[in-house]
Amino acid sequence: MKKPFIALSLILILALLSGAQQPQPQQPKLEDVLKNLVTVETPLPVPDALKAGFESITAKDSITILSFLSSDFMEGRETTMRGYQLAAEYAASLMSLWKVKPLGDAPRPQGFGRFNPAASGAPAAPAPEKSYLQNIIFKEISDANAQMTLEVRKGDALKTRSFQAGIDYSSMSSTAETISAPVVFTGYGITEKAAGYDDFKNFDVKGKIVIILSEAPGKDDPKSPFQAVKELKDKYFPAQGPMQMMRMGEGFSKTREIAKLGPAAILQVQNKGKDADIYRSLGEPRRASDDRPIINRPRRRLVIPGISANMPWEQSPVISITREMADAILEGTGSKLDDLQKKIETTYKPASLVVPGTKLTVATTAKTALVKAMNVLGFIEGSDPALKDEVVVIGAHLDHLGKYEDYVFNGADDNGSGSVGVLNVARAMALSPRKPKRSVVFALWTGEEEGLLGSRYYVMNPAFPQANTVAYFNLDMISRPYDEKTIQRMSFMMNIPISQDILKKIKPATFLPVSFSAGAGLADVLRTADQYVGLDLFLRETQSQTGRGMGGSDHSSFAAEKIPWIFGMASMTDDYHQTSDSVEKVSGELIEKISRLAFASIYAIADK
Ligand SMILES: [Zn+2]
């Protein structure tokens, strides 16, 4: 087993153990689930205005396009890489073929910047035709490495000790910076009025490095003030393990709350279990297989220049450390972590303290470079002169995980299928004899796997003013039908009770949960559109302002701008983010149906 593999798993395990502190959102009642279930016995005939476009969307054509986009030739379409550029140019050529108008950047006129023809009195050349590509420059951060050094001063003696990334600690931060600060132990890092407990009382942690335990006191004590109330129990001891991470719930995150107090960095130790548990769990390395190769590629990070590399909740880097390392840092207090923890666990009173004579330095180095990427943008102009400057945007991320050595992440389902969905709707709109009143924009995003970068860039540099953007329809992973197992997985991730009664009512193969923002009448749009398609829809309306908790994808970039959004995602299978996510596993029929649902919905919104 290669060393880098150990480091990576340690990072994953420590992150999973310490990160998952999201409260369980309220589960909808059974009657609400039934109310939001849309099943269609026999689809209705399509209205004439939609007919040509609707019928142009077929399973056969979808598979044809997807086979190319997810071929090894595309090298897994990684952002800024050749494979992605090839896929982008291919999509642009299809749009051009279908007479979809370009909406990307105008190519720079020859000799731009050096010679201005207008200045010479020559007749102004007509405005150059736009391209289909919105070019973006990202900052690439790679080879990030964090060194940690501890200095303990006792009288005249100064002891220095350094720790090793991947062994003693794991850090996800990639910002090249050096943080050096005194250390404070702040128990569980909790301020919880409901439990009458505050680790930060009389403690100013601004600019200091804090050490905390994950979760909360009294994990195994039902009498603990953190167990007595269900809300607190769900908040600090979420029932579910790693899968929790995938729920990306909204709301409380302990480290995000602590970051607001302005500490220089947060060191977190897992609440329960010994370091040995972590290393033991690494004992049996996963068996490598072609479907599940062990890939240890160097981590790189892409950011939009000028936009904080750190996500809001990363203002203070969070570093997971082992208990052994925590004991070394706490040496100056004369106590071990276990002693301090026991003190809190027996009194349910904080035991926060400054670690005397101690300074910790975290020096992160990283290489940075500017790299080029692009979104693909096209549009169909609206037919109503008064409304054609208003737009409905449909989008999907075209990028995926790329390749490593001989392994290619073809990304047929994620998100070759959603990209095909956008192209299907583009052609359908182009073939529709009567265009909807408003214009429709077709977008293929780059950088989704890197943090929704392409769609975040677009909402900051929109082709039509945001105020004119009446809705956004996002497609991500629309080609793998549900089955009993993945429906159960979905019911957990989306917190929807799927009882046997409900299972009897739906056909897993055409089942689709659709999430959307409240207050824009989108439920009716989807219900009506589905009358022509015949999917079994579960409508998930949300008040969420961020779209988070509804699956991390590009709709979040539009939700953050308060633009009404719809998000369609089919089943998440074991091939998710694996090299086994390939075209022979997808359902062209499902892509056809979901693309037709998107087409009919967007036509209705744009023609309202
Ligand atoms: Zn995706």
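Residues numbered from 1 in each chain as written. Predicted model: local features only at pLDDT ≥ 70, side-chain atom pairs only at ≥ 80, totals over all residues. Heavy atoms only, no water.

All right, on to the overall build of the protein then. Looking only at helices and strands, one finds 18 helices and 21 strands in the protein. Going through the 608 residues of the protein one by one, you find that 53% of them count as buried. Looking at the protein alone, contacts between residues at least 24 apart form 83% of all its contacts between residues at least 6 apart. For the protein, the computed accessible surface area is about 26,600 Å², with 56% contributed by carbon and sulfur atoms. (Helix = DSSP H or I, 4+ residues; strand = E, 2+ residues; numbered from the N terminus. Buried < 20%, exposed > 50% of the residue type's maximum accessible area, 1.4 Å probe, protein only. Contact = heavy atoms within 4.5 Å. Areas by Shrake-Rupley, 256 points an atom, 1.4 Å probe, with all protein chains shown as cover.)

Distances from the zinc ion to its protein donors, His 397 (NE2), Asp 414 (OD), Asp 476 (OD) and Asp 476 (OD), fall within 2.0 to 2.7 Å. Seen from the zinc ion, its four donor atoms lie at angles of 50 to 140°, and the figure they make is irregular. Motif for the zinc ion, donor spacing along one chain: H-x16-D-x61-D. Of the two residues, Asp 414 sits in helix H12 (residues 412-431) while Asp 476 sits in the loop between strand S18 (469-475) and helix H14 (484-493), which places them 62 residues apart along the sequence. (Donors = N, O, S within 2.8 Å, 3.2 Å for Na, K, Ca; no water. Tetrahedral: all angles 85-135°; square planar, octahedral: opposite > 155°, others 65-115°.)

Let's shift gears to the environment of Ala 92. Among the secondary structure elements, Ala 92 is positioned in helix H5 (residues 82-97). Residue Ala 92 is classed as buried on the basis of its relative accessible area of 8%. A sequence separation of 331 residues divides Ala 92 from Leu 423, and the C-alpha atoms of the two residues are 9.7 Å apart. Once residues within four sequence positions are removed from consideration, Ala 92 is found in contact with Tyr 132 and Val 376.

Now for the pattern of salt bridges. Per the stated rule, a full pass over the model turns up 27 salt bridges. The residue Arg 489 makes a salt bridge to Asp 574 at a minimum N-O spacing of 2.6 Å. Of this pair, Arg 489 sits in helix H14 while Asp 574 sits in the loop between strand S21 (565-568) and helix H18 (588-606), and the two are 85 residues apart along the sequence. Looking at Asp 574, the relative accessible area reads 39%, which means it is partly exposed. In this structure, a network of salt bridges that share partners links the residues Glu 78, Glu 140, Arg 300 and Glu 450. (Salt bridge = Lys/Arg side-chain N within 4 Å of Asp/Glu carboxyl O.)

Here we take up the packing of helix H3 (residues 48-56) against H12. Running from N to C, H3 and H12 point in directions that differ by 145°, and their axes come no closer than 8 Å. Crossing angle aside, the handedness with which H3 passes H12 is right-handed. In this structure, H3 contributes Ala 52, Gly 53 and Ser 56 to the contact, and H12 contributes Arg 427, Ala 428 and Leu 431. Of the residues belonging to the contact of H3 with H12, the class tally is three nonpolar, two polar and one charged. (Axes fitted to C-alpha atoms, helices over the stretch in contact; angles between N-to-C directions. Left-handed = near helix turned anticlockwise from the far one by under 90°. Nonpolar A, V, L, I, M, F, W, Y, C, P; charged D, E, K, R; others polar.)

Every α-helical turn comprises 3.6 residues, leaving residues that sit three or four positions apart pointing alike. Along its 16 residues, H5 runs 22 Å from first to last C-alpha, staying within 8% of the 22 Å computed at 1.5 Å per residue. Among the residues of H5, those classed as buried are Gly 83, Tyr 84, Ala 87, Ala 88, Tyr 90, Ala 91, Ala 92, Leu 94 and Met 95. Next to the buried residues of H5 lie helix H4 (59-69), strand S3 (133-154), strand S13 (353-380), H12 and strand S17 (439-445). Remark: Lys 99 follows H5 within two positions and exhibits a positive phi of approximately 65°. (Expected span 1.5 Å × (residues − 1).)

The next thing to look at is the side chain of Asp 536. Examined against the element boundaries, Asp 536 turns out to sit in strand S20 (residues 536-542). Judged by its relative accessible area of 0%, Asp 536 falls in the buried class. At 2.6 Å, the side chain of Asp 536 forms a polar contact with the backbone nitrogen of Lys 507. Setting aside anything within four residues of it in sequence, one finds Asp 536 in contact with Val 38, Thr 39, Val 40, Lys 505, Ile 506, Lys 507, Thr 510, Phe 511 and Leu 512. (Polar contact = N/O pair within 3.5 Å; in protein donor to acceptor, adjacent residues only side chain to side chain.)

Caution is warranted with low-pLDDT regions, since their predicted coordinates should not be read in detail. On average, residues of the protein carry a pLDDT of 86, and 83% of them reach 70 or more. In this model, residues 242-249 is a region of pLDDT below 50 whose contacts with residues beyond four sequence positions or in other chains number 25 contacts. (pLDDT = per-residue confidence, 0-100.)

The description of an aromatic ring pair uses the distance of the two centres, along with the angle that the planes make with each other. Inspection of the entire model under this criterion finds twelve aromatic pairs. Three or more aromatic residues joined by ring pairs make a cluster, and in this case those are Trp 445, Tyr 458, Tyr 472 and Phe 558. (Phe/Tyr/Trp six-rings, centres within 6.5 Å; stacked < 30°, edge-to-face > 60°.)

Counting buried positions along S20 yields six of seven residues, so the element is predominantly enclosed. In this sheet, S20 lies alongside strand S1 (residues 37-38) in antiparallel orientation, the contact comprising two bridges. By the bridge assignment for S20, Leu 37 is matched with Phe 538. Summarising the sheet, strand S19 (residues 511-517) and S20 pair through seven bridges and their orientation is parallel. Bridged to Pro 513 within S20 is Phe 538. A crossover links S19 with its parallel partner S20, the connecting element being helix H16 (residues 522-530), and its sense is right-handed. (Pairing = 2+ DSSP bridges. Right-handed = clockwise from strand over helix to strand, strands pointing away.)

This paragraph deals with the packing of H12 against H18. At a minimum axis distance of 9 Å, the contact between H12 and H18 shows a crossing angle of 50°. Considered as vectors, H12 and H18 are oriented oblique to each other. Both H12 and H18 take part in a crossing whose hand is right-handed. Here H12 contributes Ser 417, Val 420, Gly 421, Asn 424, Val 425, Ala 428 and Met 429 to the contact with H18, which in turn contributes Ile 591, Ser 595, Ala 598, Phe 599, Ile 602 and Tyr 603. Tallied by class, residues from the contact of H12 with H18 come to nine nonpolar, four polar and no charged. (Parallel < 35°, antiparallel > 145°, perpendicular 65-115°, else oblique.)

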